[in-house]
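Here are the chains, one letter per residue:
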Amino acid sequence: VANLQEQVQHVQNEFEVVQDRDMMLQIQLAELEHEEREKKAQLEERAAQRQAEAEPKLQRARDEIEVLQKEIALMREQKESLQKKLQDCDTRFEELQHDIQANKTLHHGHELEHNKIKGDPERFRKQAEKFSRKVQALHYAHKEKVEEIE
């Protein structure tokens, strides 16, 4: 019996130690849970603060992206317009090149014709003088014949 009482006393002492330890652990757990809630609240507060700090930057970035997208769209339109103008200019250039070539050919033909008839006025003058002398000779011969007949 004494041995059992000793064991009961020993178990009771251990039970008290375990209860004390359990109570301390419960207190620590409560403190840790409280600390966890505080840390979560701090973390949420920091996240909200960072979000509030970042929001103006994010809004500026969004605004800048929107402006850049509009600029890109405008530049694409300008690019398309300028490409169309370039194609039109290329087409017009080709037409003008063709016209220039045709005009050069026509000009060359006119130059050949001009060079051909360039000496004609002198030739015509000489022929006219020759004809005039023949007419005068015929006129003189006619006059002589008329005098012979009279």
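All values reported here derive from a predicted model rather than from experimental measurement. (Residues numbered from 1 in each chain as written. Predicted model: local features only at pLDDT ≥ 70, side-chain atom pairs only at ≥ 80, totals over all residues. Heavy atoms only, no water.)

A.B. asks: I would appreciate a short explanation of the overall build of the protein chain in the present structure.
C.D. replies: A tally of regular secondary structure across the protein chain gives two helices and zero strands. For the protein chain, whose C-alpha radius of gyration is 61 Å, the value lies well above the compact-globule estimate of 15 Å for 150 residues. The dimensions of the protein chain, computed from C-alpha atoms along their principal axes, are 205 × 35 × 15 Å. Buried residues in the protein chain amount to 1% of all 150 residues. Only carbon and sulfur atoms are counted for the fraction: they give 57% of the accessible area of the protein chain, which is about 14,700 Å². The positive charge centre, built from 26 side chains, and the negative charge centre, built from 34, are 20 Å apart in the protein chain. (Helix = DSSP H or I, 4+ residues; strand = E, 2+ residues; numbered from the N terminus. Rg over C-alpha atoms; globule rule 2.2 N^0.38 Å. Buried < 20%, exposed > 50% of the residue type's maximum accessible area, 1.4 Å probe, protein only. Areas by Shrake-Rupley, 256 points an atom, 1.4 Å probe, with all protein chains shown as cover. Lys, Arg positive; Asp, Glu negative; His and termini not counted. Charge placed at Lys NZ, Arg CZ, Asp CG, Glu CD.)

A.B. asks: Hey, could you run me through the pattern of salt bridges in this one?
C.D. replies: Where charged atoms from two side chains of opposite charge approach closely, those side chains can pair. Under the criterion given, the structure shown has five salt bridges. Between glutamate 36 and lysine 40 there is a salt bridge; the shortest N-O distance is 3.6 Å. Of this pair, glutamate 36 and lysine 40 both sit in helix 1 (residues 2-118), four residues apart, which is roughly one turn of the helix. Note on glutamate 36: relative accessible area 42%, which makes it partly exposed. For lysine 40, a relative accessible area of 48% translates into the label partly exposed. Its salt-bridge partner being aspartate 88, residue lysine 84 comes within 3.2 Å of it at the nearest N-O pair. Of this pair, lysine 84 and aspartate 88 both sit in helix 1, four residues apart, which is roughly one turn of the helix. (Salt bridge = Lys/Arg side-chain N within 4 Å of Asp/Glu carboxyl O.)

A.B. asks: Mind showing me how you'd approach the environment of isoleucine 65 here?
C.D. replies: With respect to the helices and strands, isoleucine 65 occurs in helix 1. Assessed through its relative accessible area of 48%, isoleucine 65 is described here as partly exposed. Remark: the alpha-carbon pair of isoleucine 65 and glutamate 80, spanning 15 residues in sequence, is separated by 22 Å.

A.B. asks: Explain the environment of threonine 105 to me, please; I cannot follow it from the model alone.
C.D. replies: The residue threonine 105 is located in helix 1 in this model. Between the alpha carbons of threonine 105 and histidine 142 there is a distance of 54 Å; along the sequence they are 37 residues apart.

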